[in-house]
Each structure stands twice: as structure tokens, then as C-alpha cells.
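Remarks on the overall topology
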Amino acid sequence: MSSLDRKLLRDLWRLRGQVLAIALVVASGAALLIMALTTIEALEETTDAYYERYRFAEVFAQTKRAPESMTRDIAALPGIQIAETRIVEYATLDLPDFDEPATAQLVSLPEHGPPLLNALVLRAGRLAEPGRPDEAVMSEPFAKAHGLEPGDSITAVLRGRERQLQIVGIALSPEFIYTLPPGGVMPDDRRFGVLWMGREALAAAFDLNESFNNVTLTLMRGTNGREVVERLDALLAPYGGTGAYTRDEQLSNWFLQNEIAQQKNMAGLMPTIFLAVAAFLTNMVMARLIATERREIGLLKAFGYGNWAVGWHYVKMVAAIGGIGVVLGAGLGAWLGHWNTELYATVYHFPFLLYRPSPTSFLLASSISLGAALAGSLLTVRSAVTLPPAAAMQPPSPPTYHRSWFSRTAAAERLDEPSRMIVRRLLRWPFRAFLASTGLAMSVAVLVMALQWIDAIDYLVESFFIHGQRQDATVAFNDVKTATTIQDFGHLPGVLAVEPFRSVSARLENGHLSEREAIQGIPADATLSPIHDSDLGRIPMPPGGLVLSSKLAELLNVGVGDPVRVEILEGRRPRLSLPVVRIFETYIGKPAYMEMSALNRLMGDGRVVNGLHLAIDPAARAQLLSEIKDVPSVSAILFRRAAIDKFYETMGETMYIFVGFFIAFATTLSVGVAYNAIRIALSERARELATLRVLGFSRWEISYILLGEIGLLTWLAMPLGCLVGFTLAWYLSSAFGTELFRVPLVVTDATYGKAVLIALVSTIACAAFVRRRLDHLDLIAVLKTRE
Amino acid sequence: MGAVAVQALRGVDLDLYEGDLVVLLGPSGSGKSTLLNILGGLDVPTEGSVLFRDQDLRQGGERRLNRYRRENVGFVFQFYNLIPSLTARENVALVTEIAHDPMPPEEALTLVGLGERLDHFPAQLSGGEQQRVAIARAIAKRPALLLCDEPTGALDSQTGILVLEAILRVNQELGTTTALITHNAVIADVADRVLHFGDGRIVETRVNETRRDPKDLAW
């Protein structure tokens, strides 16, 4: 080993505290990047493999009822590879372990052999056998949630008829990686599941002999899905087609792709913050190291070491610090990536998980992280390279101070000298102070951003579920019911109030813009589930047109007064032009509303409803539930309380873990900045502070001079951090908004308080740790040595 | 390699009187700096006693020593040790702010002949001027004891004489007991007493009948 390398190792050891602090910041950035990259990779690879192996369809369409003979016409459409028809319906289930009715989506299996498309992954048992109409295969998450196994039986209500179904198999499907109960906003494996049954059994139960109501297709390579959708729509329109859609719009896939897109978003933002701070830290530490080693640099050059040898020596030092960070980050990142992917697997149900992080992710993250560290030290290393040997042998010229504008202010007049020393140093190196303060601010910002997720979710729940909805339960029917149903339900035990609604699937169009969205008809005087504007609260239902959520209005590019072409996708399928009469804000979905009786008139129906909102007396809840379980026409029941609980359960756990991680990362950031800033200040001022000790200053008085600087920087960093944190939160809330969710931008005072407190505590801990060194200053040396 | 105990001072018995000006002479390693450190409360002897106005400095620990330095001792260093971020006036104020009955910084600086350069930063002052600021800083709190470690060591003779004059003036006008370390035997002539150090002991004590004026010195 060369002498220079030995020096390098000793320097690294001597500066180990600072080296570790920077390495940890680099590691945080690298880990976040690797976590995001490997998660994306794992999700994409798993999804692709799953879709391919189990032949996930590319186009989907639902109709009311189409004759089986249509299959040939569909298959004959240009570009179709495989077309498979089936029956898809809903049923309510009565489960022994569960006092509420659960909802099942029923999907038919071919009478003979496995499905051509959307093949099942059998996890246990077998498929339903032909001629056994009471056999069913159950989706795994639902079976797990209820502890059901092949051999168990359950009671199901299919189109009003109660049936005992025997579970013969447990399965997963590429179609249901992510499931949402109808009308729900979060997955709920206890209340919603999928049952696959024989085609003939379902045809008999739903009166669809020789018919189908659902078709899925795969396409030949190079076929335009949009064109197929249009042709399919034209074919199915006479049979009550509700509009075909491609894989992009398929619910489960749509959520999955959205999640991957969000991960990509995160992959860009978070690591950038950490690596930028790491770059600044290497700059700060290397600048100080090179300043203290001036004489050594001069000596080396005098001995004949070339500029590049000297430069290379310091580059190696930075590479070593960055390298330690990258190695730590790679290990942590791989672990986090695996953990994160597995976390996804609790919500996204895959039969297998391909977490095989490729070297590319690690290589990319490593080179970006190392690159950041090296870029940060570029200028300081350059200063070592260009230092002329003769100048290097001299001590650096003392820093020149000036009486700035600040010194002449009245406030400055009143400062004591130690405080003046603190302020002068900050004003002497304002850029360095600014960067250190920014580094600390970033830590606060990351904390604000992480903690505000909790605020946002709380606010979202409060706005949507607490203020927006007042019903306790919502009952959906499998078909329209006459208005007398309202009275029927009103007489059920424990029902305090009933409010009907009518939902109609439709395609809304403006020019070339087109959105599929159900139009919700609600009474003009709705109180249980009125139109709720997230800013304004309950808003009245104006007559004579559509009330659109701002998201839908934005997607259609329409404003109040603009006409929207409406193609109703059921019943007589009228095509209408309706004006937009109001636009409102909501965080969930992109709903469209209309006054219910007006909607019924447009549909040409009398007073009909297809669902009810109920207010329930909690005391009579159990009795009511058991009665509702027996009402034949009910296809689904949603409970508001359960929805809130499920929302927190799904979002909450994950979110708290993530917030925990970000607190750890942010603390690393503030420790990295504070520790290095204080150590460097100490290294620069040890002699000055020892002099003051000789002059009779106490340890605490010199501690004030040393730590006052970081204290002032921290104090400045707090508001800056809160501001940057708010900006990050704003960015995330706008970047992460989807058609289903918009994260509200809410940062409570408590969140700012917590973020500031955490950052302060970590800075104070660093300060206390470094301060102990002031107890061991060599007072005698300062009498004798020149700086 | 084990540590080897080195006795820096052996059997030193010394009284310093109020207003005394003592010069400590001797080669490097002879123990004069150790004595100065002990007198200044930066160090305590392993054996023996150090009394300041009948109080033993060995009692009371670190805190007591710090108070002793703060209230009674003024230090002048070979390399000035001024705070670069503070002006001359502010460097002096640094000490007067924590002292009991200090003189105004301006007065201290006038005493060392720097009344005109109050608002200059150390980097804007010559070496001699910096050292005189250091002297002003040391005496502004009216210390009982002024300790100077090679105060002229880094200066040319002409500037060194200016600095010596300042020290003498303080000694005479304020009656501050002064101990001054030097390698320069010529300087010894300005003192009341000269202590020659060798091998950790005072090998010779000389009393000057008359103190020479620094102006008359040359080296």
C-alpha cells in the first residue's frame, strides 16, 4: 500500500464520525432510490409474467344479455385473437362468521376445461365440475379473510334465491389482483370477494341460457384496442352493452399501473433531496480537510507528487465516503425494496412475487449516489489540485472581516461580543451558512411531507365519510325497483331514515373527449348522502342539468353552462345533450350527479330507484342485518363505518410504517448536516475557543459561541423547512392525484410542530455530543502554537 | 513504548509581589512555560502549593481555576490569539463584558497606544499592533497578574520595543504584577527581577537595581 493510501485510511478513521454521517445520508438517498427502482421492477416483472402466463384479457365488455351466437360475430372482428364470453353477476353471501351480508362477484367458468382467458391460479382444491351447479371456486383473499377452505359451504342469494354453495377450490386471477366492492373506494376482503361457478349454473340462476353478459378478448399484435372497443360497442349496443373498455381501464390493472406510476414519481423526488444534501456535505467536509492539509499538500507537491496524484488522493477519499454510503444504501435499499414489494402483495394479490432486483437498478443508484458525492467535492478537490506548492507551504491568509451594514444597525450595537462572533462568521461565509441551513431545512421538509400524509388522510376521511355522508349503510339492488321499496325498507326494524338513489352508467362526451361515468340521481332534498363539496360542504342540487365533480369537468374540459353529450349505456340508451349546471370539488372519484326524478324522466322510467341510503338505529343493527340478508333483490350493502375502518386499516398501517421510515431518513439528514457543521466549526475554531478559555470564559460560554452558530442556522432552517415541506406536500398532492383519489393538501400546525421538534431534537443531540469535546481543549497548546 | 514521567519543575520556590515585573529566562524545556501555566491557573502542580493572596489554587478544581483566570489573570500570547471576526475594540470588549470592574475598551487601547485603531479587524493591523491589542485585552479587566509568554517572539525589535513599552506602562500605571517569558536576555534588563531557569529549577535569581527603558534596548 502506498504511503498516500495509508494516509487516506488514517484520515478516514480520524474523521470517522463525519464520514459515517455523510455515508448515512448517501445511504438514505441510495436506499430510497434502490427501493423505488427495485419495487417498480418487481411490480412490472410480476405483473407482466402474471398477465402473460394466465392470459389476462385486453378488452372487456359488459352487456345486459346477448345471445351466444354473437360470439362468432365478435371473434370475427378484425384483430381479435381470442374471444371468450361469460356471465358476470353479483350475489350477497351469508357467512356464519360475519354478521353483515358480504358481496360476491360471480364469474362463470367454461363448462369444460379451464378458461381461455383470465385463467385461474388454483391455490387449493379444483375447478367446479360440469353438472355440479352448487360448486364454486372462491378468491383467495376472501377465503382467507373468513377462514374458508375447500369443502366448506356458504349461503348465497342469487337473484333472490338462496343457495348453498360448496367451495371446491381457492384461486387467484389476473383480473382481480386488486378488488373493490361495487361502490366502494377501498379493497375490503371481508366484505367483497369473487366466486367462480359453472357457466350453466349461473345461466340457470340468472336466466341467461344460451346467452352471455360479459365478453373478454385478446388482440393480435399491433391491433388498435380503441378501434376494437368501438366495433364491439356497435355490436353489443342492441343487447344492452354498457360500453367496452381496454385493459388500461380495467379496474384492477388501472390501480396497479397507477401504483407503479406513483413509485416512479417517488423514485425521482426523494432520492434527489438526500443526494443533494450529501453533495453539500462532502463539499463542506472536503473543503475543511483540504484547508487543514494545505501544508501537507504543499509538501507533497514539493516532494514531486503531481497535481493529479494529489487530486486523485482526495477523489479517492470522497469515493470511499460515497462508497460506504452506497454499500450501506444497497443493503438497506434491497431490504426495503423487498419489504415494500411484499407490502404491495398484501393489497395486490399475486400468486407469485418476482423480486429479482437486477444489477441495473443497483448500478444506476450507485452511480447516481457516488456521482452526487463526487460532484459535491469537485470544486474543493480542484482547489487542492491547483494550489501552488509555495503558497501551500504558507498558512492561508487570515479571513478578512468587514464591518457590514449589519454591524452598524442598532440591533448589532446591543449584541454581546460572543454573539457578534457568531453573526460575523455567518455573514463572512453566507453561502456555506445558507447551504447548511438548507440541509437542515430539507430534513424538516421531509418530515413535514411525511407527517402530512396522516393529516391528508384524516382530512380526506373526515371530508368524504364524515361530512359528505350521513347514511349508516347503503343498499344496492341488482335491478331497478319501484319507489315503493323506499317504504318497504322504511318499515324494517331499526331503520330511521331512507333516501333513494338511481345510478345509470353513461358515457359523457365533449368533442373528442369522452369519459365513462355513472350518473348518480339523488333527490333534490337529499340529506343522507347529498352532494358534498370538499370546500363548501353540502351544496343544493340545482335542477335541469348535470352537476359534475371538478375532476370530471377537467377531463371533459367543460365549465358551468357548457353542454355535455350524454350517451346512456342502459335501458333505451338515449343520447342526450345536458348542460353543466354546477361543478363541485371532491377528493374521491369523479362523480356526476343529477336530480333523480329528472334522470328517471330522461330514462323514460317512472319513479324507480336502484339503491337506498339508510340511517340505522345502532341498537337494532343486528336484527336489521339478518332481515336484509334475506331480501332477494339486494346485491350489495356498504357500511359507512366499515368503509372508514377499512380505509384506515389499508392506508393506516402502511402509512405509519412509511412515515416511520421517513422520520428515520429525515433524522439521518439533520444529524448528517448538524454533526458535520458543528465538527467543522469546532475544527476551525478550536484555537479561538481555547484562547477564550484561557481568558477566563467558562465551558458553557464557549459552548454558546460554538453552538450558537448551528443554533441560529437551525432557527433559520425551521421556517424554511416548513415552507419547503409545504411545497413538497403540494407537489405530491398534485402529482399523486388520480381519477380515483386526490390527496388533499392539508398540513396541520401540529405537523409543523412535530417536524420541527424532531429536527430540533436530532440537532440538539448532535450538539450535545460534539460539545463534550470542548471539555478537553488543549489550553496550553494555544499559548505556543501558531495557527 | 510506555509513557515516561518527565518532571517539568522541581523545587521551585517563588514569591511574586504586587507591582513586581519578573522576567523568566532560560532555554526551551527548562520549565519556565510550565511555571507560567501554573501561575496562570492553566495547570496545577502535582506536588507543592500555589497560593494566590493566601488561597491555594490547587483547591476547588477546574471551576475555581476558571474563576481565578477570569478575575485575576491577563494573558498575552506569543501569537496574539486575537479573534479575527472581532475588531480591536470588540476583542477587548470580549473580556470586559465578563469582568467585574473593567476599564472601558477604548481606555485600554489608548493605554497601549492604539486609541486611533479601535475599529480595525486583526487582519488590518500589523503584528505589533495586534500584540498591543492583545495586551489591552489582557489588562482591560485590571488583572492582579499579567502573564506574557514570549510577547515579542514573533516581532522585529522595533515593534517588540513598542510592545514592551506597553507592558511596562501597564505595570507602572496600574501596578499589575507582571511575569514575562522570553528567550531574549536583553529584555531581562527591564525587569525588577530576572529568574534563570535550567532543567526545571530556578538556577539563578538576579535583582536589577535599575530597570532600563525599553527604548534603550536593542537586539
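Let me begin by describing the structure that accompanies this report. Every value quoted in this text rests on a predicted model; they were computed, and no experiment measured them.

The rules behind these values
Residues numbered from 1 in each chain as written. Chains lettered and ligands numbered in written order. Predicted model: local features only at pLDDT ≥ 70, side-chain atom pairs only at ≥ 80, totals over all residues. Heavy atoms only, no water. Helix = DSSP H or I, 4+ residues; strand = E, 2+ residues; numbered from the N terminus. Rg over C-alpha atoms; globule rule 2.2 N^0.38 Å. Buried < 20%, exposed > 50% of the residue type's maximum accessible area, 1.4 Å probe, protein only. Contact = heavy atoms within 4.5 Å. Areas by Shrake-Rupley, 256 points an atom, 1.4 Å probe, with all protein chains shown as cover. Lys, Arg positive; Asp, Glu negative; His and termini not counted. Charge placed at Lys NZ, Arg CZ, Asp CG, Glu CD. Pairing = 2+ DSSP bridges. Core = buried A, V, L, I, M, F, W, Y, C linked by side-chain atoms within 4.5 Å. Phe/Tyr/Trp six-rings, centres within 6.5 Å; stacked < 30°, edge-to-face > 60°. Lys NZ or Arg CZ within 6 Å of the ring centre and 35° of its normal. Axes fitted to C-alpha atoms, helices over the stretch in contact; angles between N-to-C directions. Buried area = accessible area lost by both parts, 1.4 Å probe. Salt bridge = Lys/Arg side-chain N within 4 Å of Asp/Glu carboxyl O. Nonpolar A, V, L, I, M, F, W, Y, C, P; charged D, E, K, R; others polar. Patch = residues over 30% accessible without salt bridge, like charges linked within 9 Å, V, L, I, M, F, W, Y side chains within 5 Å. Polar contact = N/O pair within 3.5 Å; in protein donor to acceptor, adjacent residues only side chain to side chain. Parallel < 35°, antiparallel > 145°, perpendicular 65-115°, else oblique. Left-handed = near helix turned anticlockwise from the far one by under 90°.

A look at the overall build of chain B
Along the backbone of chain B there are six helices and eight strands. Seen in sequence order, chain B has helices and strands lined up from the N terminus as β-α-β-β-α-β-α-α-α-β-α-β-β-β. The C-alpha atoms of chain B give a radius of gyration of 17 Å, which matches the 17 Å a tight globule of 219 residues would have. Overall size of chain B, expressed as C-alpha extent along the three principal axes, is 50 × 40 × 40 Å. By the burial criterion, 57% of the 219 residues in chain B qualify as buried. In chain B, once contacts between residues fewer than 6 apart in sequence are set aside, the share between residues at least 24 apart is 71%. Looking at chain B as shown, the accessible area adds up to about 9700 Å², and 46% of this sits on carbon and sulfur atoms. Each charge sign in chain B was given a centre, from 22 positive and 30 negative side chains, and these centres are 3 Å apart.

So, the overall build of chain A
Counting its secondary structure elements, chain A contains 22 helices and 22 strands. With the principal axes as the frame, chain A shows a C-alpha extent of 105 × 60 × 50 Å. For chain A, buried positions account for 58% of its 787 residues. Residue pairs in contact within chain A that sit at least 24 positions apart in sequence constitute 82% of those at least 6 positions apart.

Some remarks on the pairing of strand β1 (residues 59–67) of chain A
All names here are of chain A. Where β1 meets strand β10 (residues 211–219), six bridges bridge the pair, whose relative direction is antiparallel. Across the sheet, the residue bridging to Ala-66 is Phe-212, located in β10. Here two bridges tie β1 to strand β11 (residues 245–246), and the two strands are oriented antiparallel to one another. The partner of Val-59 across the bridge, within β11, is Thr-246.

Structural notes on the nonpolar core
Of all hydrophobic cores here, the largest spans 174 residues; its most connected members are Phe662(A) and Leu692(A). Looking at this core, the element that brings in the most residues is helix α19 (residues 640–694) of chain A, giving 22 residues. Leaving out residues up to four positions away in the same chain, Phe662(A) has contacts with Leu32(A), Met266(A), Met270(A), Val446(A), Leu447(A), Met449(A), Ala450(A) and Trp453(A). Of all hydrophobic cores here, the second largest spans 39 residues; its members include Met103(B), Ile135(B), Leu155(B) and Val190(B).

Observations concerning the packing of aromatic side chains
In total, this model carries 26 aromatic pairs over all chains according to the counting rule given. Residues Phe75(B) and Phe77(B) carry aromatic rings whose centres are separated by 6.0 Å and whose planes lie at 15 degrees to one another, so their mutual orientation is stacked. Here Phe75(B) falls in the buried class, since its relative accessible area comes to 2%. Exposure remark for Phe77(B): the relative accessible area of 0% places this residue in the buried category. These aromatic residues form a ring-pair network of at least three members: Tyr178(A), Trp254(A), Phe255(A), Tyr344(A) and Tyr348(A). The positively charged end of Arg16(A) is found above the aromatic ring belonging to Trp13(A), 4.3 Å away from the centroid. Seen from the ring of Trp429(A), Arg428(A) lies directly overhead, with NZ or CZ sitting 5.0 Å from the centre.

Structural notes on the sheet that holds β10(A)
Spatially, the four strands line up as an open sheet ordered β2-β10-β1-β11 (chain A), and their pairing is antiparallel. Looking along the sheet, the strands with just one partner apiece sit at the ends: β2 (80–86) and β11 of chain A.

Some points on the sheet that holds strand β7 (residues 193–198) of chain B
Residues and elements named next belong to chain B. Within the open sheet, the six strands sit side by side as β4-β5-β6-β1-β7-β8. Their pairing is mixed. In this open sheet, the two strands that pair with only one neighbour each are β4 (73–76) and β8 (201–207). Recorded for the sheet is a direction-independent mean angle of 20 degrees between the axes of neighbouring strands. In the sheet, β7 pairs with β8 via six bridges, with the strands oriented antiparallel. Residue His-196 lies in a different strand from β8, and its bridge partner there is Glu-204.

Quick word on helix α1 (residues 32–39) of chain B
Most of α1(B) is tucked away: six of the eight residues are buried. Regarding α1(B), the residues found buried are Lys32(B), Leu35(B), Leu36(B), Asn37(B), Ile38(B) and Leu39(B). Residues of α1(B) that are buried in the fold lie against α22 (779–784) of chain A together with β1 (21–25), α2 (61–72), β5 (145–149), β6 (177–182) and β7 of chain B. At the exit of α1(B) stands Gly41(B), carrying a positive phi of roughly 75 degrees.

So, the interface of chain A and chain B
Facing 32 residues of chain A, the contacting portion of chain B comprises 33 residues. When chain A packs against chain B, close to 3000 Å² is buried across both sides, 59% of that on carbon and sulfur atoms. Counting every contact that joins chain A to chain B gives five salt bridges. We note a salt bridge from Arg693(A) to Glu62(B), for which the minimum N-O separation is 2.6 Å. Elements represented by at least two residues in the side of chain A that touches chain B include exactly α13 (417–428), α19, α20 (699–735) and α22 of chain A. Element by element, the count of residues in the side of chain A that touches chain B is highest for α19(A), at six residues. Each residue belonging to the side of chain A that touches chain B can be placed in one class, and the counts come to 14 nonpolar, six polar and twelve charged.

A few points about the side chain of Ser505(A)
Residues and elements named next belong to chain A. Inspection of the secondary structure assignment puts Ser-505 in strand β13 (residues 495–510). On the accessibility criterion, Ser-505 (18% relative accessible area) is buried. What Ser-505 contacts, discounting residues up to four positions off in sequence, is Thr-242, Glu-517, Ala-518, Ile-568, Leu-569 and Glu-570.

Overview of a nonpolar patch on the surface
All names here are of chain A. A surface patch of nonpolar side chains, about 310 Å² in accessible area, is lined by Leu-20, Leu-24, Ile-324 and Leu-328. Where the nonpolar patch is concerned, the elements lending two or more residues are α2 (16–53) and α9 (307–347). Position of Ile-324 relative to the elements: it lies in helix α9. Judged by its relative accessible area of 37%, Ile-324 is partly exposed.

Quick look at the environment of Tyr50(A)
All names here are of chain A. When you line up the elements, Tyr-50 lands in helix α2. For Tyr-50 and Arg-575, which are 525 residues apart along the polypeptide, the C-alpha to C-alpha distance reads 39 Å. When sequence neighbours within four positions are dropped, the list of residues in contact with Tyr-50 reads Arg-55, Val-121, Leu-172, Ser-173, Pro-174, Ile-177, His-349, Phe-350, Pro-351 and Phe-352. Within polar-contact distance, the side chain of Tyr-50 engages the backbone nitrogen of Ser-173 at 3.2 Å.

Remarks on the packing of helix α8 (residues 294–303) of chain A against α9(A)
Residue and element names in this part refer to chain A. Taken N-terminus to C-terminus, the directions of α8 and α9 make an angle of 140 degrees; their axes are 9 Å apart at the nearest point. When the interaxial angle is binned, α8 and α9 end up oblique. Note that α8 runs across α9; the crossing there is right-handed. Listed contacts from α9 to Ile-297, Leu-300 and Lys-301 of α8 are Asn-307, Val-310 and Tyr-314. When the residues that make up the contact of α8 with α9 are grouped by side-chain class, the tally is four nonpolar, one polar and one charged.

What to know about the environment of Glu417(A)
Here Glu417(A) shows up in helix α13. Judged by relative accessible area, which is 4%, Glu417(A) ranks as buried. Along the backbone, Glu417(A) and Ile705(A) are 288 residues apart, and their C-alpha atoms lie at a distance of 9.5 Å. Apart from the residues lying within four places of it in its own chain, the contact partners of Glu417(A) are Leu86(B), Glu90(B), Ala93(B), Leu94(B) and Glu97(B).

Observations regarding the side chain of Ser534(A)
Assignment of secondary structure puts Ser534(A) in the loop between β15 (531–533) and β16 (537–539). Among all residues touching Ser534(A), those that are not within four sequence positions of it are Tyr459(A), Ser463(A), Glu585(A), Thr586(A) and Tyr587(A).

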